[in-house]
Amino acid sequence: MKFGGTSVADVDRIRNVARHVKREVDAGHDVAVVVSAMAGKTNELVGWCREASPLHDAREYDVVVASGEQVTSGLLAITLQSLGVTARSWQGWQIPISTSNAHGAARILDIDGAELVRRFEERKEVAVISGFQGICRETGRITTLGRGGSDTSAVAVAAAIRADRCDIYTDVDGVYTTDPRVVPRARRMDKIAFEEMLELASLGAKVLQVRSVELGMVHNVRVFVRSSFDKPEDIDPHGMPPGTLICNEEEIVEQQVVTGIAFSKDEAQISIRRVQDKPGVAAAIFGPLAEANINVDMIVQNVSGDGATTDLTFTVPAADYERAAKVLADSRARIGYERLDGANDVAKVSVIGIGMRSHAGVAAQAFKALAERGINIRAITTSEIKFSLLIEAAYTELAVRTLHSLYGLDK
Ligand code: ADP
Ligand code: ASP
Ligand code: MG
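## Description of the sheet that holds strand 14 (residues 299-301)
In spatial order, the strands read 14-15-13-16-18-17; together these six strands make up an open sheet with antiparallel pairing. What marks the edges here is a single partner per strand, and that holds for strand 14 and strand 17 (379-383). Going from strand to strand, the sheet's axes swing by 25° on average, the running direction of each strand aside. Running over the sheet, helix 9 (residues 281-291) touches strand 13 (260-276), strand 14 and strand 15 (309-317) and is turned about 20° from strand 15. Contacts between helix 13 (residues 396-406) and the sheet are confined to strand 13, strand 16 (339-352) and strand 18 (386-392), with strand 13 contributing the most and set at about 120° to the helix.

Next up, the structure:
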């Protein structure tokens, strides 16, 4: 069972979580619980690090931001004990959840679940685990898994203890066809394939961290997204409550062409004007960006009209925009271009569906519908089961709503 920030936002909410856990324990299940920090806590901790020094040591950043989860794991253990449930808290370093040393975005390498399982068997003890954090074995230092990382902790623990299921309790009762906060008519899906969920998550749907979906897919963990706001006592622990199961494609009977729409405003666009059109130029541009660890996403290059120069446009994460512009300015002599143009007010809207593999013309419908709304498309990328459009950020909501009805997801 994993509970996100809003589900553990204060002691009252934590008591509600404890009742959910007790329900499962009373039904005879062995339970490991993963908790996030209280809502807003991690943002506050991140803010303090920036305030202390804008360019700070990533190892110390992890020490600070991992503390939010230490508080909630202890509080939940205390609350469970007060309800008569045997429980103890575990920090990432205690289990240990061992990770790489990429501080701030570490990857889980290994979790030894033996001790947790032994305690289930010997004393029916509930394990309350701090999400988001781990330890790098070589250096002995605390690490964190990147924002939203408690989802990944939960799926990884589920795999390590061979859980029957990993329930992600959050502030929505499942995965919707798009963010229900933006499109109130979005519908909850009963099931979604791992691959589609992977695309949805990586293209902006914050409901699950991308890495948690990857882990679920690799280790075949059944991940179930559900609401923590349901009254614990109203739920039949042996039945299936409302929610969304992330599962293998074969388990889904009724397959639609488009299953969901995701969007991200954390994008920036860079255009390089009148760049020389000759072999080696793309390497001269994208090489230095890669060395600077900047992820380039959408790339559009024109065929030059004069045979000499052309324009090249691409996107980078908004947070890396300034850095990318500097890298390109520094390599200007080597690349050879007239000027750089950039825009931070762009958004990427993506349409996802396994059915696109076997249906043509899905994207063309979107181009037409957006044109009718006067929305200009700046760049397009496509792959087997999705396409993404770069537009002006101000039109994001309109574009998402337009596409949502276009593909029949309102119904
Ligand atoms: P938690 O704190 O429980 O981890 P998050 O805020 O990380 O919760 O994720 C839940 C939020 O994800 C929802 O409140 C919702 O606004 C957002 N969201 C974005 N896209 C979707 C989607 N397709 N389906 C459901 N929720 C979505
Ligand atoms: N507390 C962390 C964050 O806000 C991890 C999580 O909530 O999943 O990113
Ligand atoms: Mg989250």
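## Focus: the environment of Val-296
Within the secondary structure, Val-296 is located in the loop between helix 9 and strand 14. The exposure class of Val-296 is partly exposed, given its relative accessible area of 27%. Expressed as a C-alpha distance, the spacing of Val-296 and Thr-315, which sit 19 residues apart in the sequence, is 5.8 Å. Among all residues touching Val-296, those that are not within four sequence positions of it are Phe-286, Leu-289, Phe-314, Thr-315 and Val-316.

## Thoughts on the site of ligand 1
Around ligand 1 there are 16 residues in total, and Thr-170, Asp-171, Tyr-176, Asp-179 and Arg-181 lie nearest to it. One of the side-chain N or O atoms of Arg-181 is found 2.6 Å from an oxygen atom in ligand 1. Considered on its own, ligand 1 offers 570 Å² of accessible surface; in the complex 85% of this is hidden by protein. Taken together, the residues that form the shell around ligand 1 break down as six nonpolar, five polar and five charged.

## Section: the pattern of salt bridges
Tallied over the full model, the rule gives 34 salt bridges. Arg-339 is the partner of Asp-341 in a salt bridge, and the nearest nitrogen-oxygen pair spans 3.0 Å.

## A closer look at the nonpolar core
Ranked by internal contacts, the top residues of the largest apolar core, which has 39 residues, are Ile-129, Val-157, Met-197, Leu-200 and Ile-246. In contact with Met-197, not counting residues within four places along its chain, are Val-175, Ile-192, Val-207, Leu-208, Val-213 and Ile-246. The next biggest cluster of nonpolar side chains, apart from the first, holds 23 residues, and it includes Phe-263, Ala-366, Val-400 and Tyr-407.

## Side note on the packing of aromatic side chains
Using the criterion set out here, one finds three aromatic pairs in the structure. Their ring planes at 20° and their centres at 4.5 Å tell us that Phe-3 and Tyr-169 sit as a pair that is stacked. You can see Phe-3 sitting in strand 1 (residues 2-3) and its partner Tyr-169 sitting in strand 9 (residues 166-170), a full 166 residues away along the chain. Of the two residues, Phe-3 and Tyr-169, neither departs from the other in class, the shared state being buried. Note on Phe-367 and Phe-387: the rings are 6.5 Å apart at their centroids and 70° apart in plane angle, and the pair reads as edge-to-face. Of this pair, Phe-367 sits in helix 12 (residues 362-372) while Phe-387 sits in strand 18; the two residues are 20 residues apart in sequence, bridging distant segments of the chain.

## Thoughts on the sheet that holds strand 6 (residues 126-130)
Pairing is mixed in the open sheet, where eight strands are placed in the order 3-6-2-1-9-11-12-10. The two strands at the open ends of the sheet, each matched to only one other strand, are strand 3 (87-90) and strand 10 (191-193). Both strand 10 and strand 12 (residues 244-247) contribute to a ladder of three bridges, which runs parallel. Considered in strand 12, the bridge of Lys-191 is made with Leu-245. In this fold helix 5 (residues 114-123) packs onto strand 2 (32-35), strand 3 and strand 6, with an angle of close to 175° to the strand it touches most, strand 3.

## Some remarks on the packing of helix 6 (residues 150-160) against helix 8 (residues 210-219)
The N-to-C vectors of helix 6 and helix 8 enclose an angle of 15°; their axes lie 8 Å apart at closest approach. By the angle between their directions, the pair helix 6 and helix 8 is classed as roughly parallel. As helix 6 packs across helix 8, the resulting crossing turns out to be left-handed. For the pair helix 6 and helix 8, the contacting residues are Asp-151, Thr-152, Val-155, Ala-156 and Ala-159 in the first and Arg-211, Ser-212, Leu-215, Gly-216 and His-219 in the second. Split into classes, the residues belonging to the contact of helix 6 with helix 8 amount to four nonpolar, four polar and two charged.

## Focus on helix 9
Taken together, the buried positions of helix 9 are Val-281, Ala-284, Ile-285, Phe-286, Pro-288 and Leu-289. Residues of helix 9 that are buried make contact with strand 13, strand 14, strand 15, helix 10 (321-330) and helix 11 (332-335). Residue Asn-293 follows helix 9 closely and has a positive phi angle near 60°.

## Points about helix 7 (residues 194-202)
In terms of burial, helix 7 is a largely internal element, seven of the nine residues being buried. Taken together, the buried positions of helix 7 are occupied by Phe-194, Glu-196, Met-197, Leu-198, Glu-199, Leu-200 and Ala-201. Positioned one or two residues after helix 7, Gly-204 has a phi angle of 130°, which is positive.

About the cut-offs
- Residues numbered from 1 in each chain as written.
- Chains lettered and ligands numbered in written order.
- Predicted model: local features only at pLDDT ≥ 70, side-chain atom pairs only at ≥ 80, totals over all residues.
- Heavy atoms only, no water.
- Pairing = 2+ DSSP bridges.
- Helix = DSSP H or I, 4+ residues; strand = E, 2+ residues; numbered from the N terminus.
- Axes fitted to C-alpha atoms, helices over the stretch in contact; angles between N-to-C directions.
- Contact = heavy atoms within 4.5 Å.
- Buried < 20%, exposed > 50% of the residue type's maximum accessible area, 1.4 Å probe, protein only.
- Near = heavy atom within 4 Å.
- Polar contact = N/O pair within 3.5 Å; in protein donor to acceptor, adjacent residues only side chain to side chain.
- Areas by Shrake-Rupley, 256 points an atom, 1.4 Å probe, with all protein chains shown as cover.
- Nonpolar A, V, L, I, M, F, W, Y, C, P; charged D, E, K, R; others polar.
- Salt bridge = Lys/Arg side-chain N within 4 Å of Asp/Glu carboxyl O.
- Core = buried A, V, L, I, M, F, W, Y, C linked by side-chain atoms within 4.5 Å.
- Phe/Tyr/Trp six-rings, centres within 6.5 Å; stacked < 30°, edge-to-face > 60°.
- Parallel < 35°, antiparallel > 145°, perpendicular 65-115°, else oblique.
- Left-handed = near helix turned anticlockwise from the far one by under 90°.

Bear in mind that shape data such as this cannot, by itself, settle questions of function.
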